[in-house]
There are 2 protein chains.
Amino acid sequence: MDASAPRTRIQEKNTAAILDAALDAFSQAGFRGATLDDISRAAGLSKPNLLYYFASKEAIYVQVLSGVLDLWLDPLKELTDDGDPIEEVVAYAQRKLEMAREYPRESRLFANEILQGAPRILDIIEGPLKQMVDEKAALIRGWTRAGRIADIDPYHLIFSIWSTTQHYADFDIQVRGILGPGNGHFEDAAAFLEHLYRSALTPR
Amino acid sequence: MDASAPRTRIQEKNTAAILDAALDAFSQAGFRGATLDDISRAAGLSKPNLLYYFASKEAIYVQVLSGVLDLWLDPLKELTDDGDPIEEVVAYAQRKLEMAREYPRESRLFANEILQGAPRILDIIEGPLKQMVDEKAALIRGWTRAGRIADIDPYHLIFSIWSTTQHYADFDIQVRGILGPGNGHFEDAAAFLEHLYRSALTPR
DNA sequence: CGTCTTCCTGACCAATTGGTCAAACTCTTT
DNA sequence: AAAGAGTTTGACCAATTGGTCAGGAAGACG
């Protein structure tokens, strides 16, 4: 069966349940740590039925990962030359932080994949992702040359935005262990990141 | 056998080989992803011989993790009231970056553990680690109150230092995929982070 | 209603994996 | 060199896990 294009209502419902359960499982335990039994139990289906919809564990993982990738690399596209450069960058950081809050499972799955050496998406990183980052880095370089922002390495700026924002999803347990439960710290993080990038980018 | 206190030369050599191989394996594949066969092969020992030195896979992992924790939480201790506050924070970030360069395996193992929900070290996070962070946060708060640095959330400052520096170890593949191979980017990262934190902390 | 397709399951399988154990080997010590 | 401790291994085991398969149940449709 090809579950990438559901044709009936039952297929649609079940593939959605599988992918959601799989996102849960894979993001918590990694590819190897998650089992088909876990996923099928969480999806409310039998294991053979899982494999009726997807050819293999790998196939499930790849489809989940593919969905995550689309979602994950999207916000960067919106970093454009439209408004004030500093506001653009700050807004991008806020958008990424929002993603970490709204989609922690996706963030963790991505982190897991990269940690294991990105065996399935290395070509995407070295291809489309690199290309987009190069593009945005050139844009930022242009702002620096025009004197609109401080002289700053655009690649490491982007890396720092990725890391600081995703930290609140990937290291969630650590953050909560230190700050206590609840979600209030996201407000503080937003304010902190705004200050961090505004001060780093403001020409002096 | 209790491998935590080697008594003979053979024990010393073999436990060291096992722990090193285990650090390799666990940091690359996580606890579940790594197998005793992997570890024993890399250590040049038979599997039963591994289990002569360590009671179980879990015991190996715990000992490796314990070593990593000691190493990992150390640099923060050196953040003191000795010199100029801004230089102190910048130096801390540089130290952490240096750790990411020197000990990427340790960084990844730690990241893996936290990602999986820190099942084995949650008490350390909520206890000693939280305590030390609280302490350092109070120190930084004091600097702000004295007008020596900008008004900034000390907890999120520490989180951002952790995330930006560890990113170069944990997301190494992504960084290299975008910047190309080699280690030259660590110099650029050091310069970037210095600028980032200097500008964020300088009172305006 | 009957038929054809889609959906689902119990039973089963081979491979992997963490771990055991008795026996053998080697090194140290007296 | 003999005793005794420390070290190593091959053979084995039970549990888990990804995956298969033949057949049955349930929908869709003319």
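## Details of the overall build of chain A
- The helix and strand inventory of chain A stands at 11 helices and 0 strands.
- Along chain A, from the amino end to the carboxyl end, the secondary structure elements read α-α-α-α-α-α-α-α-α-α-α.
- Projecting the C-alpha coordinates of chain A onto the three principal axes gives extents of approximately 65 × 40 × 30 Å.
- Pairs at least 24 apart in sequence give 68% of the contacts found in chain A among residues at least 6 apart.
- Of the roughly 8,800 Å² of accessible surface on chain A, 50% is carried by carbon and sulfur atoms.
- Positive and negative side-chain charges in chain A, numbering 22 and 30 respectively, have mean positions lying 4 Å apart.

## A word on the domain arrangement of chain A
All names here are of chain A.
- For chain A, the assigned domains are domain 1 (9-55) and domain 2 (64-201).
- Computed from C-alpha coordinates alone, the two centres of domain 1 and domain 2 are separated by 29 Å.
- Domain 1 puts 9 residues into the contact, and the matching count from domain 2 is 8 residues.
- Summed over both partners, the interface of domain 1 with domain 2 buries about 750 Å², with 62% contributed by carbon and sulfur atoms.
- Linking domain 1 with domain 2 are 2 salt bridges.
- A salt bridge links arginine 105 to aspartate 24; the shortest N-O distance between them is 2.7 Å.

## Re the protein's contact with DNA strand D
- Residues in close proximity to DNA strand D total 18 residues, the closest being Lys57 of chain A together with Thr8, Gln11, Arg32 and Tyr53 of chain B.
- In the model, a sugar or linking oxygen of DNA strand D is placed 3.1 Å from a nitrogen or oxygen of the asparagine 49 of chain B side chain.
- Secondary-structure elements contributing two or more residues to the surface near DNA strand D are helix 3 (47-53) of chain A together with helix 1 (9-33) and helix 3 (47-53) of chain B.
- Taken together, the residues of the surface near DNA strand D sort by class into 8 nonpolar, 7 polar and 3 charged.

## Quick look at the interface of chain A and chain B
- Listed per partner, the contact involves 53 residues of chain A and 53 residues of chain B.
- Interface area, chain A with chain B, both sides summed: about 4,500 Å², of which 70% is carbon and sulfur.
- The largest contributions to the chain A side of the interface with chain B come from Leu115, His156 and Ile178 of chain A, which together make up 16% of the buried area.
- Where chain A packs against chain B, one counts 0 salt bridges.
- Across the contact surface, chain A and chain B share 8 residue pairs in polar contact (both at pLDDT 80 or more).
- Of all elements in the fold, only helix 1 (9-33), helix 7 (104-115), helix 8 (122-145), helix 9 (154-170), helix 10 (172-179) and helix 11 (185-201) of chain A reach the threshold of two or more residues within the side of chain A that touches chain B.

## Quick notes on unusual backbone geometry
All names here are of chain A.
- In this structure, alanine 118 takes a positive phi of about 50° despite not being glycine.
- With respect to the helices and strands, alanine 118 occurs in the loop between helix 7 and helix 8.
- Here alanine 118 falls in the buried class, since its relative accessible area comes to 0%.

## Some points on the relation of the copies chain A and chain B
- Taken as rigid bodies, chain A and chain B are interconverted by a rotation of 180° and an axial shift of 0.0 Å, the fit giving an RMSD of 0.0 Å. Put plainly, the chains are arranged around a two-fold axis.
- Counting the interface residues of chain A, we find that 100% of their copies in chain B are interface residues as well, pointing to one common contact surface.

## Quick word on the environment of leucine 71 of chain B
Residue and element names in this part refer to chain B.
- Its place among the elements puts leucine 71 in helix 4 (residues 57-72).
- Judged by relative accessible area, which is 26%, leucine 71 ranks as partly exposed.
- Once the C-alpha coordinates of leucine 71 and tyrosine 103 are considered, the two residues, 32 residues apart in sequence, prove to be 9.4 Å apart.
- Beyond its immediate stretch of four places on either side in the chain, leucine 71 contacts Met99, Tyr103 and Glu106.

## Structural notes on the side chain of glutamine 166 of chain A
- Structurally, glutamine 166 of chain A is set in helix 9.
- A relative accessible area of 5% places glutamine 166 of chain A in the buried class.
- In contact with glutamine 166 of chain A, not counting residues within four places along its chain, are Trp72, Lys96, Ala100, Ser107 and Phe171 of chain A together with Phe171 of chain B.

Cut-offs and rules
- Residues numbered from 1 in each chain as written.
- Chains lettered and ligands numbered in written order.
- Predicted model: local features only at pLDDT ≥ 70, side-chain atom pairs only at ≥ 80, totals over all residues.
- Heavy atoms only, no water.
- Helix = DSSP H or I, 4+ residues; strand = E, 2+ residues; numbered from the N terminus.
- Contact = heavy atoms within 4.5 Å.
- Areas by Shrake-Rupley, 256 points an atom, 1.4 Å probe, with all protein chains shown as cover.
- Lys, Arg positive; Asp, Glu negative; His and termini not counted.
- Charge placed at Lys NZ, Arg CZ, Asp CG, Glu CD.
- Domains from an automatic or database assignment.
- Buried area = accessible area lost by both parts, 1.4 Å probe.
- Salt bridge = Lys/Arg side-chain N within 4 Å of Asp/Glu carboxyl O.
- Near = heavy atom within 4 Å.
- Polar contact = N/O pair within 3.5 Å; in protein donor to acceptor, adjacent residues only side chain to side chain.
- Nonpolar A, V, L, I, M, F, W, Y, C, P; charged D, E, K, R; others polar.
- Buried < 20%, exposed > 50% of the residue type's maximum accessible area, 1.4 Å probe, protein only.
- Least-squares fit on C-alpha atoms with pLDDT ≥ 70 in both.

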